[in-house]
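# Survey of secondary and tertiary structure
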Amino acid sequence: VEIIEKPLPAVRLAAQTASVPEHEVGSTVGPLFESLENVLGDECGALSTPIAQYSLGEDGMDITVGYAYGGERRDGFELVDLPAVELAICGVHLGAMDRIRETWSAVHAEIIARGYVPSGPCRELYVRAVSEDQSDWVTELQQPVERP
């Protein structure tokens, strides 16, 4: 896994949120995206930048899924602003989501090796996520970091 350091831009999402036990994250994310797709439709590029943000909450995992969005708020989604991040450690996961934990482990090992600590919710940018079998999916894992 190639790991790089870079800043993350601020992004406004047309989003939906959920809080679920950690073992339900995988079965929750897809339906949230599908629900958003049904609301947004094919509005001029509205579905071109899918992003999910994850953070540990009191009752499990707090999930925000959405698409970068410049339009007005409408029924069926909320507008969520993800702030710019000065520095993130990022790695690319290739293929099916059932192996993404391994890539996240590599990213977190590299964070420690470089002397950083996580600072805020992690993000996944779904660069390519079209096929049903996920074999050609490309996902950028993004973890904001800071020096301890």
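Just so it is clear, the structure is predicted and the values come from calculations on it, not from any experiment.

### A short note on the packing of aromatic side chains
Within this structure, the stated rule accounts for 3 aromatic pairs. Seen from their ring centres, Phe33 and Tyr126 are 5.7 Å apart, and the 90 degrees between their planes marks the pair as edge-to-face. On the criterion of sequence distance, the pair formed by Phe33 in helix α1 (residues 25-40) and Tyr126 in strand β8 (residues 122-128) is long-range, its members being 93 residues apart. Each member of the pair, Phe33 as well as Tyr126, is classed as buried. Ring centres of Tyr69 and Phe77 lie 5.3 Å apart, and the angle between their planes is 75 degrees; on these two criteria the pair is classed as edge-to-face. Among the residues examined, Tyr69 registers a relative accessible area of 9% and is labelled buried. An aromatic cluster is built from Phe33, Tyr67 and Tyr126, whose rings are joined through pairwise contacts. Taking the ring centre of Tyr116 as reference, the NZ or CZ of Arg147 above it sits at 4.1 Å.

### Digging into the pairing of strand β9 (residues 138-146)
When you tally the buried positions in β9, you get 8 out of 9 residues, the bulk of the element. Note that strand β6 (residues 85-94) and β9 share 7 bridges and pair antiparallel. Bridged to Ala88 within β9 is Pro144. By the bridge criterion, 2 bridges tie strand β7 (residues 117-118) to β9 in an arrangement that is antiparallel. Following the sheet pairing, Val117 is matched in β9 by Glu146. Note that β8 and β9 share 5 bridges and pair antiparallel. Counted as the bridge partner of Arg123 is Gln142 from β9.

### Thoughts on the pattern of salt bridges
Evaluation of the coordinates by the stated rule reveals 5 salt bridges. The partner of Asp81 in a salt bridge is Arg12, with the nearest N and O atoms 2.9 Å apart. Of the two residues, Asp81 sits in strand β5 (residues 78-82) while Arg12 sits in strand β2 (residues 11-20), which places them 69 residues apart along the sequence. In this structure Arg12 comes out as partly exposed when scored by relative accessible area, which is 38%. Across the pair Glu110 and Arg114 runs a salt bridge, and its minimum N-O distance is 2.7 Å. With relative accessibility at 25%, the residue Glu110 sits in the partly exposed group. Classification of Arg114 by relative accessible area gives partly exposed; the value is 25%.

Conventions and cut-offs
- Per chain, residues are indexed from 1 in the order of the written sequence.
- In keeping with the model being predicted, local features are shown solely for residues with a pLDDT of at least 70 and side-chain atom pairs are shown and tallied solely at 80 or more, while totals for entire chains, interfaces and linings include all residues.
- To obtain the side-chain values, all non-hydrogen atoms of the structure were included, while hydrogens and water were left out.
- We call Phe, Tyr and Trp rings a pair once their centres come within 6.5 Å, taking the six-membered ring for Trp, and we label the pair stacked below 30 degrees between planes, edge-to-face above 60, and tilted otherwise.
- To qualify as a helix, a DSSP run of H or I must reach at least 4 residues; to qualify as a strand, a run of E must reach at least 2; elements of each kind are numbered from the N terminus.
- Residue exposure (1.4 Å probe, protein chains only): buried if accessible area is under 20% of the type maximum, exposed if over 50%, otherwise partly exposed.
- A ring has a charge above it when a Lys NZ or an Arg CZ is no more than 6 Å from the ring centre and no more than 35 degrees off the ring normal.
- Paired strands are those between which DSSP finds at least two bridges.
- Here, a salt bridge means any Lys or Arg side-chain nitrogen found within 4 Å of an Asp or Glu carboxyl oxygen.

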